[in-house]
Amino acid sequence: MNKKSIMTMMLALICMIGQAQTTKTVTITGSSPALKDGTLVIAGTGVSLSVVDTVQSGRFAFTLPTEELTTGYLFLDGEGCPNFSFSLMMKPDVTIKLTGTDCLYPFWKVESPIPEQQTMNRVTEHCRDAIKEFIQIQQKKDWNKLDSINVVLMKQQMDILPSLPVDAASLHYLWRISRPLKNMKDFPYMEQLKSLEKSFAARAPKGFEAQLAEIHTYIYPPHVLQVGEEATDAELFDMQGNKHHLLEGLSDGRYLLLDLWSIGCGPCRMAEPEMREVYERMKTQLEIVGINGDNLSTWKNNDFSKRIVWKNWNDGKNGSSISSSYCDEDAIPYYILVSPDKRIVMKRSGYYAGMFLGLADAINGLIVEQDNSANFNLSIRKVEARASGTTVSFRYYSHKEWWFRIVKDSYLEANGKKYKLTAADGITLDENNYPNVKATDSTEDFISNLSYKDFTLTFEPFETTPATFDFKEGDGQGAFVIRNVALK
């Protein structure tokens, strides 16, 4: 069973990134006598946030590159400051002034020449009580109440939106209300939201068609494709604006890995070195299409985005045209593997070190035919079925310092029967085991520590030799499962 608790922390990382040089910037200043010296000022546009200043004498000031009117975010990390991301409308060549007398910066006065900021100010004022309660719940770490107060906040935003103009700010709130619906069950105000979306679509001036279409897919989601179904095509764009089709990489018989990612996603960026290693090994057998979920300007002007060596595309809709059809949850990174015959063979969110090396083994055909798509870190490399027992050889990929366990209750399942584990060689059951063989020749930071461990497990002999069997690492939650292992 994979028990790498460190991965939970990694999935929560916010990547501190730099932006490409630009001549257009927005200037933001802030002041409050209550702010402590050393408080970090974290800000950015879209999903790209970084430390931009440190409070001194109750003041801060910074500039951010911005090519057009966009939504930005401000977060103050210091004593007395709430854990809350504050939205601001940003535009090139303007100065925004924030002033307050306390540390509750979400309620500070905002002086801005941007008309859409007035829309945001009205929403904040209308939702003041719900925002305060949200902050208090976070400070008390009463996590069980967060979902309910978030629904209250969504409801208050919906109540004020009909009285506001349809502009970039009001559409931002409608987008924020609609996007989480995929991960929510029984949203109590769905009919009100549908009515609101219809009203916005009727009142919206030209230029907001893409945003409205994205919101519509969240409220009226299409069928989400599942493993085994045929992949559907979509239109995307490269950095030069050329059109491409999502499935064009399948035309030469290769597998296709779809990588839904964002610049501000730490795990997305952590996965890139291992993906690059596998891509170089597997070019004749595997195509990768990176589908970026940022706005076009952020995507095109970022140095990390420019260094991607596989197909690096964007749908111009924050990735919604792909995620709405393929993703069961609103999470990144999200990976979909498509076979040469256009069948979806794997879907999963999150990056686990070693998973792409295991994927390469599976596609390479170096291992026994099997379905280890539930967790590519573990694969079967050899099966010997004898009258005395069935011996299965495994390989587990991961970081050399991250342990894994195989429980003694593991078993094989075939023809409706279970065959118990009787012996293990190369690992200790129910204890921590570590990968001990270097998996790549790379000296590059994280990937240089990717390793693997080979071991064998022996099970009770099959009563009747099956065509295929399943390996199950016990019946606990999160157990390794490898299905349809061929026995020839």
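See the structure printed just above.
This text gives an overview of the structure that appears in the document. (Residues numbered from 1 in each chain as written. Predicted model: local features only at pLDDT ≥ 70, side-chain atom pairs only at ≥ 80, totals over all residues. Heavy atoms only, no water.)

**As for the packing of aromatic side chains**
Move 1: A complete count under the given rule lists 18 aromatic pairs for this structure.
Move 2: Ring geometry for Tyr419 and Phe462: centres 5.0 Å apart, planes at 80 degrees, overall edge-to-face. Here the residue Tyr419 occupies a position in strand 19 (residues 417–425), and Phe462 occupies one in the loop between strand 21 (450–459) and strand 22 (468–472), the gap between them amounting to 43 residues. Accessibility classification places Tyr419 together with Phe462 in one group, the buried group.
Move 3: An aromatic cluster is built from Phe394, Tyr396, Phe404, Phe455, Phe459, Phe471 and Phe480, whose rings are joined through pairwise contacts. (Phe/Tyr/Trp six-rings, centres within 6.5 Å; stacked < 30°, edge-to-face > 60°. Helix = DSSP H or I, 4+ residues; strand = E, 2+ residues; numbered from the N terminus. Buried < 20%, exposed > 50% of the residue type's maximum accessible area, 1.4 Å probe, protein only.)

**Some points on the state of the cysteines**
Move 1: Under the criterion given, the structure shown has one disulfide.
Move 2: The disulfide bridge from Cys265 ends at Cys268, spanning 2.4 Å between sulfur atoms. On the sign convention where negative is left-handed, the bridge of Cys265 and Cys268, at about 85 degrees about the S-S bond, is right-handed. Accessibility classification places Cys265 together with Cys268 in one group, the buried group.
Move 3: Between Cys81, a cysteine without a disulfide, and Cys103, which holds the nearest cysteine sulfur, the sulfur-to-sulfur distance is 4.5 Å.
Move 4: Relative accessible area serves as the criterion here: at 14%, Cys81 is assigned to the buried category. (Disulfide = S-S within 2.5 Å.)

**A word on the sheet that holds strand 7 (residues 95–99)**
Move 1: Here four strands make up an open sheet; going across it, the order is 4-1-7-8 and the pairing mixed. Whereas interior strands pair on both sides, the edge strands pair on one side only; in this sheet they are strand 4 (59–65) and strand 8 (109–111). The mean angle between the axes of side-by-side strands here comes to 15 degrees, regardless of whether they run parallel or antiparallel.
Move 2: Where strand 1 (residues 25–31) meets strand 7, five bridges bridge the pair, whose relative direction is parallel. Each residue of the ladder has a partner; that of Gly30, found in strand 7, is Leu98. (Pairing = 2+ DSSP bridges. Axes fitted to C-alpha atoms, helices over the stretch in contact; angles between N-to-C directions.)

**Quick notes on the nonpolar core**
Move 1: Formed by 62 residues in total, the largest nonpolar core has its most connected members in Phe60, Leu74, Leu76, Leu98 and Leu161.
Move 2: For this core, the leading source of residues is helix 4 (residues 146–160), giving seven residues.
Move 3: With residues near it in sequence (within four places) discarded, Leu98 still touches Ile28, Thr29, Gly30, Ser31, Phe60, Leu74, Phe86, Leu88, Trp108, Lys109 and Val110.
Move 4: Membership of the second largest hydrophobic core comes to 35 residues, among which are Cys268, Phe304, Leu337 and Phe376. (Core = buried A, V, L, I, M, F, W, Y, C linked by side-chain atoms within 4.5 Å. Contact = heavy atoms within 4.5 Å.)

**Considerations on the packing of helix 5 (residues 168–178) against helix 7 (residues 209–219)**
Move 1: At their nearest, the axes of helix 5 and helix 7 sit 9 Å apart, and the two run at 25 degrees to each other. Here helix 5 lies roughly parallel to helix 7, going by the angle between them. At the point where helix 5 passes helix 7, the crossing takes the left-handed sense. Counted together, Leu171, Leu174, Trp175 and Ser178 of helix 5 and Leu212, Glu214, Ile215, Tyr218 and Ile219 of helix 7 form the full contact between these two elements. (Parallel < 35°, antiparallel > 145°, perpendicular 65-115°, else oblique. Left-handed = near helix turned anticlockwise from the far one by under 90°.)

**What to know about the side chain of Asn314**
Move 1: With respect to the helices and strands, the residue Asn314 is situated in strand 13 (residues 311–314).
Move 2: Among the polar contacts listed, one links the side chain of Asn314 to the backbone oxygen of Asp294, at a separation of 3.0 Å.
Move 3: Among the polar contacts listed, one links the side chain of Asn314 to the backbone nitrogen of Gly316, at a separation of 2.6 Å. (Polar contact = N/O pair within 3.5 Å; in protein donor to acceptor, adjacent residues only side chain to side chain.)

**What about empty space enclosed by the protein?**
Sizing a probe to match a water molecule and rolling it over the atoms shows the empty space that remains.
Move 1: The tally for this structure, following the rule as stated, stands at one cavity of 30 Å³ or more.
Move 2: Taken as a whole, the largest cavity encloses approximately 50 Å³ of empty space.
Move 3: Along the walls of the largest cavity sit Asp259, Trp261, Cys268, Glu272, Met275, Phe304, Ile308 and Trp310, which together make up its complete lining.
Move 4: Of all elements in the fold, only strand 11 (255–261) and helix 8 (266–281) reach the threshold of two or more residues within the lining of the largest cavity.
Move 5: Of the residues in the lining of the largest cavity, the class split is six nonpolar, no polar and two charged. (1 Å grid on protein atoms, 1.4 Å probe; cavity = no way out; pocket = protein on both sides within 12 Å on 5 of 7 lines; lining within 4 Å. Points joined across faces, edges and corners; volume = space filled by probe spheres on them. Nonpolar A, V, L, I, M, F, W, Y, C, P; charged D, E, K, R; others polar.)

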